[in-house]
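Below are the chains, spelled out letter by letter.
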Amino acid sequence: MEALALLLLLPLLLVPLALLARKRRCRRTPPLRVLVVAGSGGHTTEILRLLSCLSESYSPRHYIFADSDKMSEAKIRSFEQKRAETFPNSQFTLDRIPRSREVRQSWTSSVVTTLYSMLYSLPLTYKLKPDLILCNGPGTCVPVCISALLLGLLGIKRAIIVYVESICRVETLSLSGKILYYFSDYFIVQWPDLKEKYPKSVFLGRIV
């Protein structure tokens, strides 16, 4: 079931690659700069499972996670080390930004901390200029995606945002999901109840 879901998800992730290929017809497999937002808890584990099915064309991979996240860096380095055994030319970077929201943090203070996080994510996103942003729910993804949207509105760089809601979300979206549902290019859920509540979403069953 998981393998089938991954096969269904691949065409969505290949869309930006196809668009890039049109612009660079001289290349058979143009590279696609991917910005991956990792997060504490199970978010990083889930996003790395998703990345494991992508080809070497999705490179370099730029990982962003919160400065208070103590576990994601080790998981990412381990994943990339194993990936390098298959794709020797694989490239990746690691960057930290201030956490935009802590668990159970109030809405009012979350606005302030998210704006503070954007002071770091906006210049970083401008520097990286990703073609694709892949995220799955950590609060850190909100300032990153908003920064990418601003760059697109300013005509600097248009990035395609793919949001995959965590498998833990069965009936309700995460706070990040509720925000990015309206701004993502592809919003993927893993439970049918969410598809019924949010018609714009794409239901593929369990994929991570």
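Each value, and the rule that gives it
- Residues numbered from 1 in each chain as written.
- Predicted model: local features only at pLDDT ≥ 70, side-chain atom pairs only at ≥ 80, totals over all residues.
- Heavy atoms only, no water.
- Axes fitted to C-alpha atoms, helices over the stretch in contact; angles between N-to-C directions.
- Helix = DSSP H or I, 4+ residues; strand = E, 2+ residues; numbered from the N terminus.
- Parallel < 35°, antiparallel > 145°, perpendicular 65-115°, else oblique.
- Left-handed = near helix turned anticlockwise from the far one by under 90°.
- Contact = heavy atoms within 4.5 Å.
- Nonpolar A, V, L, I, M, F, W, Y, C, P; charged D, E, K, R; others polar.
- pLDDT = per-residue confidence, 0-100.
- Salt bridge = Lys/Arg side-chain N within 4 Å of Asp/Glu carboxyl O.
- Core = buried A, V, L, I, M, F, W, Y, C linked by side-chain atoms within 4.5 Å.
- Buried < 20%, exposed > 50% of the residue type's maximum accessible area, 1.4 Å probe, protein only.
- Patch = residues over 30% accessible without salt bridge, like charges linked within 9 Å, V, L, I, M, F, W, Y side chains within 5 Å.
- Areas by Shrake-Rupley, 256 points an atom, 1.4 Å probe, with all protein chains shown as cover.

A. Up close: the packing of helix α2 (residues 43–51) against helix α3 (residues 72–86). Remark: α2 packs on α3, axes separated minimally by 10 Å, with the N-to-C direction vectors making an angle of 15°. With respect to each other, α2 and α3 are oriented roughly parallel. Crossing hand, α2 versus α3: right-handed. Mapping the contact onto sequence places T44, T45, L48 and L51 in α2 and S72, K75, I76, F79 and R83 in α3. When the residues that make up the contact of α2 with α3 are grouped by side-chain class, the tally is 4 nonpolar, 3 polar and 2 charged.

B. Highlighting the confidence of the model for the protein chain. Put simply, the protein chain has an average pLDDT of 85, and 83% of its residues get 70 or more. Summarising per-element confidence for the protein chain, the mean pLDDT is lowest in helix α1 (residues 2–23) (51) and highest in strand β1 (residues 34–37) (97).

C. View of the pattern of salt bridges. Applying the stated rule across the entire model yields 6 salt bridges. Between D131 and R33 there is a salt bridge; the shortest N-O distance is 3.9 Å. In this pair, D131 sits in the loop between α4 (107–128) and β4 (132–135) while R33 sits in the loop between α1 and β1, placing the two residues 98 residues apart along the sequence. Of the charged contacts, one joins D131 and K157 as a salt bridge, the two residues approaching to 2.7 Å between their closest N and O atoms. You can see D131 sitting in the loop between α4 and β4 and its partner K157 sitting in the loop between α5 (141–153) and β5 (160–164), a full 26 residues away along the chain. Among the charged side chains, a network of salt bridges with common partners joins R33, D131 and K157.

D. Up close: the nonpolar core. Core analysis: the biggest nonpolar cluster contains 23 residues, and L35, I64, I133, C135, C141 and L173 have the highest contact counts within it. Where this core is concerned, the elements lending two or more residues are β1, α4, β4, α5, β5 and β6 (186–189). When residues in this core are grouped by element, the largest group, 5 residues, is from α5. Ignoring any residue separated from it by four or fewer positions in sequence, one finds C135 in contact with V37, I47, C141, C145, V162, Y163, V164 and L180. Residues L51, F65, L134 and I207 belong to the second largest nonpolar core, which totals 22 residues.

E. Expanded view of a nonpolar patch on the surface. A contiguous nonpolar patch, built from Y116, L119 and Y120 and spanning about 340 Å² of accessible area, is present on the exposed surface. Mapped onto the secondary structure, L119 falls in helix α4.

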